[in-house]
Amino acid sequence: MRVLNRLAMLAVILLVASGVKAAIMLPEVKEGALPALDGKLDDPAWQQANALELAEPAMPLRPAIPGTKTTVRLLVGGGKLYIGAECQVAAGAVLKGEKREHDGPVFEDESLELFIAPDGGANPTSYYHFAVNTQGSTTERHVLDPAWNADWQSAVSAGQDRWTAEMAIPLGTLAGGEASGHYWRINICRNMYDAKGSFAQGLVLARPGYHTPNVLVMTGPVVAAALLASVNATLGEMEKMKEYLSGPDKKQFKELEKYRAKLEKAKDAMIPAEEALKMLETAWKNAGDMENNIILNYMFEK
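These lines cover the structure that appears in this document, whether it is placed above or below. Predicted, not measured: the structure shown is a model, and the values here were computed from it.

Here we take up the overall build of the protein. Broken down by element type, the protein carries six helices and 15 strands. With 302 residues in all, the protein has 48% of them scored as buried. Considering only contacts in the protein between residues 6 or more positions apart, those separated by 24 or more positions represent 68%. Counting only carbon and sulfur atoms, one obtains 53% of the accessible surface of the protein, whose full area is about 14700 Å².

Counted residue by residue, strand β8 (residues 138-142) has four buried out of five residues, so it is predominantly covered. Where strand β7 (residues 128-133) hands over to β8, the hairpin turn is made up of four residues, of which G136 adopts a positive phi near 85 degrees.

Below, the discussion takes up the side chain of H129. Looking at where H129 falls in the secondary structure, it is placed in strand β7. A polar contact of 2.6 Å, which involves the side chain of H129, links it to the side chain of E113. Setting aside its immediate chain neighbours within four residues, H129 contacts F107, E113, L114, F115, T139, E140, R141 and H211.

Moving on, we get to helix α3 (residues 224-240). Helix length check: α3, at 17 residues, gives a terminal C-alpha distance of 24 Å against a target of 24 Å (1.5 Å per residue), a fit within 8%. Within α3, the full set of buried residues consists of A224, A226, L227, L228, S230, V231, T234, L235 and M238.

Time to look at the packing of aromatic side chains. Counted by the stated rule, this structure contains six aromatic pairs. Centre to centre, the rings of F130 and W148 are 6.0 Å apart; their planes meet at 85 degrees, and the pair counts as edge-to-face. Here the residue F130 occupies a position in strand β7, and W148 occupies one in the loop between β8 and β9 (153-158), the gap between them amounting to 18 residues. F130 sits in the buried class, given a relative accessible area of 0%. For W148, a relative accessible area of 16% translates into the label buried. Feature note: the residues Y128, F130, W148 and W152 constitute an aromatic cluster, connected by ring pairs.

In helix packing, the relevant descriptors are the interaxial angle and the interaxial distance, both defined with respect to the helix axes. With their axes 9 Å apart at the nearest point, α3 and helix α5 (residues 273-283) run at an angle of 20 degrees to one another. Here α5 runs roughly parallel to α3, going by the angle between their axes. In terms of crossing hand, the pair formed by α3 and α5 is left-handed. Within the contact between the two elements, α3 uses L227, S230, V231 and T234 and α5 uses A276, M279, L280 and A283. Residues that form the contact of α3 with α5 fall into these classes: six nonpolar, two polar and no charged.

Tallying each qualifying case throughout the model produces 10 salt bridges. Salt-bridge contacts for E86 lead to R162; the nearest nitrogen and oxygen are separated by 3.3 Å. Here E86 is found in strand β5 (residues 80-88), whereas its partner R162 is found in strand β10 (residues 162-170), with 76 residues between them in sequence. Judged by its relative accessible area of 27%, R162 is partly exposed. When the shortest N-O distance is used, the salt bridge between D109 and R100 registers 2.6 Å. One exposure class covers both D109 and R100, and it is buried. By sharing partners, the salt bridges in this structure join K96, E98, R100, E108 and D109 into a single network.

Cut-offs applied
Residues numbered from 1 in each chain as written. Predicted model: local features only at pLDDT ≥ 70, side-chain atom pairs only at ≥ 80, totals over all residues. Heavy atoms only, no water. Helix = DSSP H or I, 4+ residues; strand = E, 2+ residues; numbered from the N terminus. Buried < 20%, exposed > 50% of the residue type's maximum accessible area, 1.4 Å probe, protein only. Contact = heavy atoms within 4.5 Å. Areas by Shrake-Rupley, 256 points an atom, 1.4 Å probe, with all protein chains shown as cover. Pairing = 2+ DSSP bridges. Polar contact = N/O pair within 3.5 Å; in protein donor to acceptor, adjacent residues only side chain to side chain. Expected span 1.5 Å × (residues − 1). Phe/Tyr/Trp six-rings, centres within 6.5 Å; stacked < 30°, edge-to-face > 60°. Axes fitted to C-alpha atoms, helices over the stretch in contact; angles between N-to-C directions. Parallel < 35°, antiparallel > 145°, perpendicular 65-115°, else oblique. Left-handed = near helix turned anticlockwise from the far one by under 90°. Nonpolar A, V, L, I, M, F, W, Y, C, P; charged D, E, K, R; others polar. Salt bridge = Lys/Arg side-chain N within 4 Å of Asp/Glu carboxyl O.

Now the structure itself:
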């Protein structure tokens, strides 16, 4: 019973989630060279952007749909995050999309979704959600405030075998919203429907996809305060279980304590991107081994 009670306690304690191996570094485009939002993706600025493929199926138990390659491009400039997506449509498929009122059921159509958490932790529970469908209908909300709205721009263009979308999100409307000195956790998802109007499959930038902004993006150096918040969050959870940490976990704990001291001293200074990434990797280190070690320590504690 003692072991079961302690295991139950572990189930409600969040330590650190899966780590991150690298950050996507977003290029910053000058104000006069930013893309015009017309849904065509033919501006030279898009050639400077990071090109990423939505290759993971959102529903692993459902078959993949051939001919639906989806490429997204990311860049920042003028205080905005720009996303350009090219979505191929399978042969013979019906491109489902209706013109809807703002904040209508956009997800009931072929559509693109963005999830973004400024300076978010490994598993952000506070994030923003934007979406646009093939007819240009849009919706946005904050997960903790469904009534939240923002002034952002989008454009779409549809053809026989593909459709394209552009989104421009003013970072100033998001918490911690300046491009310089901040990082984000994001995910991008595409919804696809069959000719009968039923959801057929989704594609995601990284699994599991929907409502999980787990891809790290940066533009350069990160302000110390943003990193300190993430380091403190992990240390706070580890301190609760400090007496049960194993050797590797104790090493991580000591590294984070050193980072905390450095970041507190740095105050508003900028931390180089490579160093910032190392700090985040340590803070978000995979928790699986740590949890197993703590369970064993619980079980065999004398």
